[in-house]
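Breakdown of the fold
The chain contents come next:
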Amino acid sequence: MSAGVAIETAGLGKRYGRTWALRDCSLAIPGGHVVGLVGPNGAGKTTLLSLAVGLATPTTGQVRVAGGMPAGSAAALDAVAFVAQEAALYRNLSVADMVRVGRSLNRRWDTGRVQARLAELGIPLKKKVGALSGGQRSQVALTLALAKRPELLILDEPLAALDPVARHDFMAALMAAVSEDGVSVVFSSHVVAELERVCDYVVVVHDGRIQVSGEVEELVAGHHVLTGPAEQADVVAQRFPVVRDRRAFAQAHLLVRAADPSAAPPGWQRQSVGLEELVLAYMREPSASVLPGPKSAPGEQVAC
């Protein structure tokens, strides 16, 4: 496994009974990025993150984090912080008590930073967690995660239950922490519109498989929409890997991967594509570039 990698997997798979939640997952997410792990509900995002933080054991393959540490190892537990969709906070405890719990459960802990951050956010230490707003609870969970001074911060749908104002405040606090600490961040979401604003690296998951991954600028630059006569679409599709194929009676619109953006066929127009359109295409239609996984045995299904 490579150094400087936030999460690296090789042949990673997780099966529950006869159902594969994640299959044949091999990728290397470089460190130093804010990574959006995106896919429809049930795509396998939570399974991948659970394996990365050591909350689940792989059925096949392996996963390493923070530069090569085995996921779930003692060293990885020190280096990786995790915030689940339902923040693991005890509602009957005060915020101060939650801070003490966090301090007792982690070998690396910065109490001064916790106190300073909560004071800056205006969150009273004496107030019970259950009496906080959803946005405040999310900020407490993020504060406790950052108190570990992690190398890698993993967040599973952190914005799902928040209103627009709380979502904005949470992401602003997250980006400030990235700027201050240089921590690598991987967060899952099914809200595609958020990605372009905060992420510089994207991984798309569909039906338990990785569809595409890479730096946002490179992915956008490497995809184009070709528009031309529908009767020529099959010939054009043989020249480029097609992500999305939309055809009307006389005209076709093909979203393709093309290393050379000037390679539009004669009579066809080429248009650039935005990140949201690109990600939605991969979420709706599995990519032809996905490596085939192991064959399903009778009675098995590939799903999440």
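Presented here is a report on the structure given in the accompanying data block. In this text the structure is predicted, and so the values were computed from the model without any measurement.

Now for the packing of helix α4 (residues 111-121) against helix α5 (residues 134-146). The N-to-C vectors of α4 and α5 enclose an angle of 155°; their axes lie 9 Å apart at closest approach. With respect to each other, α4 and α5 are oriented roughly antiparallel. Between α4 and α5 the crossing geometry is right-handed. Contacts between α4 and α5 pair Arg113, Val114, Arg117, Leu118 and Leu121 from the former with Gln139, Val140, Leu142, Thr143 and Leu146 from the latter. Classifying every residue of the contact of α4 with α5 gives six nonpolar, two polar and two charged.

Taken together, the four strands give an open sheet; going across it, the order is β12-β13-β11-β14, and neighbouring strands pair in antiparallel fashion. The open sheet terminates on both sides in strands that have one partner only, identified here as β12 (242-247) and β14 (269-272). Each strand axis lies, on average, 20° off the axis of its neighbour in the sheet, ignoring direction. Bridge analysis of strand β11 (residues 223-229) against strand β13 (residues 251-257) gives seven bridges, and the strand direction is antiparallel. Bridging across to β13, histidine 223 finds its partner in arginine 257. Relative to β12, helix α10 (residues 275-284) is tilted by about 90°, and along the sheet it contacts β11, β12 and β13.

For any two helices packed against each other, the geometry comes down to the angle between their axes and how far apart the axes lie. At a closest axis distance of 9 Å, the pairing of α5 and helix α6 (residues 164-181) adopts a crossing angle of 15°. Taken together, the axes of α5 and α6 lie roughly parallel to each other. Handedness of the α5/α6 crossing: right-handed. Note on element contacts: α6 touches α5 through Ala166, Asp169, Phe170, Ala173, Leu174 and Ala177, opposite Gly135, Ser138, Gln139, Leu142 and Leu146.

What follows concerns unusual backbone geometry. Backbone geometry at aspartate 24 places phi at a positive 50°, although glycine is not the residue there. One can find aspartate 24 in strand β2 (residues 19-30). A relative accessible area of 30% places aspartate 24 in the partly exposed class. The residue aspartate 207 is not glycine, and still its phi comes out positive at about 50°. The residue aspartate 207 is located in the loop between β9 (201-206) and β10 (209-215) in this model.

Attention now moves to the sheet that holds strand β7 (residues 152-156). Reading across from one edge, β6-β7-β8-β3-β9-β10 is the order of the six strands in this open sheet, with mixed pairing throughout. The sheet terminates laterally at β6 (80-83) and β10, the two strands that pair on one side only. Each adjacent strand pair in this sheet contributes to an overall mean axis angle of 15°, direction not counted. Inspection of the sheet shows β7 paired to strand β8 (residues 184-189) by five bridges, in the parallel sense. When the sheet's bridge partners are listed, leucine 152 is paired in β8 with serine 184. Along the sheet face, helix α1 (residues 45-52) touches β3 (34-38), β7, β8 and β10 and points at about 145° away from the line of β7.

Here the focus is the nonpolar core. Leu153, Leu155, Val185, Phe187 and Val279 are the most contacted members of the largest nonpolar core, which has 54 residues in total. No other element matches α6, which puts seven residues into this core. Once you skip the residues sitting within four places of it in the chain, leucine 155 turns out to touch Leu49, Val83, Leu142, Phe170, Leu174, Val185, Val186, Phe187 and Ser188.

In a regular helix each residue adds 1.5 Å, so 18 residues correspond to 26 Å; α6 covers 26 Å between its end C-alpha atoms and thus fits that length. Ala166, Arg167, Phe170, Met171, Ala173, Leu174, Ala177 and Val178 are the residues of α6 that are buried. Projected onto a plane normal to the axis of α6, the buried residues spread over an arc of 160° and lie on a single side. Facing away from the buried side of α6 by more than 90 degrees, the exposed set consists of Pro164, Val165, Ser179 and Glu180. The opening residue of α6, the one whose side-chain oxygen lies 3.1 Å from the backbone nitrogen of valine 165, is aspartate 163. The positive-phi residue at the C-terminal boundary of α6 is glycine 182, with phi of around 70°.

Looking at the element boundaries, arginine 100 is found in helix α3 (residues 95-105). Taking the relative accessible area as the measure of exposure, arginine 100 reaches 44% and is therefore partly exposed. Spatially, the C-alpha atom of arginine 100 lies 8.9 Å from that of threonine 111, the residues being 11 residues apart in sequence.

On to α4, then. Taken residue by residue, α4 has Arg113, Val114, Arg117 and Leu118 as its buried positions. All buried residues of α4 fall inside an arc of 125° around its axis, so they share one side. With respect to the buried face of α4, the exposed residues turned more than 90 degrees away are Ala119 and Glu120. In this structure, the buried side of α4 is in contact with α3, α5 and α6. Residue aspartate 110 occupies the N-cap position of α4, its side-chain oxygen lying 3.3 Å from the main-chain nitrogen of glycine 112.

Quick notes on the rules
Residues numbered from 1 in each chain as written. Predicted model: local features only at pLDDT ≥ 70, side-chain atom pairs only at ≥ 80, totals over all residues. Heavy atoms only, no water. Axes fitted to C-alpha atoms, helices over the stretch in contact; angles between N-to-C directions. Helix = DSSP H or I, 4+ residues; strand = E, 2+ residues; numbered from the N terminus. Parallel < 35°, antiparallel > 145°, perpendicular 65-115°, else oblique. Left-handed = near helix turned anticlockwise from the far one by under 90°. Contact = heavy atoms within 4.5 Å. Nonpolar A, V, L, I, M, F, W, Y, C, P; charged D, E, K, R; others polar. Pairing = 2+ DSSP bridges. Buried < 20%, exposed > 50% of the residue type's maximum accessible area, 1.4 Å probe, protein only. Core = buried A, V, L, I, M, F, W, Y, C linked by side-chain atoms within 4.5 Å. Expected span 1.5 Å × (residues − 1). Arc of directions from axis to C-beta. Polar contact = N/O pair within 3.5 Å; in protein donor to acceptor, adjacent residues only side chain to side chain.

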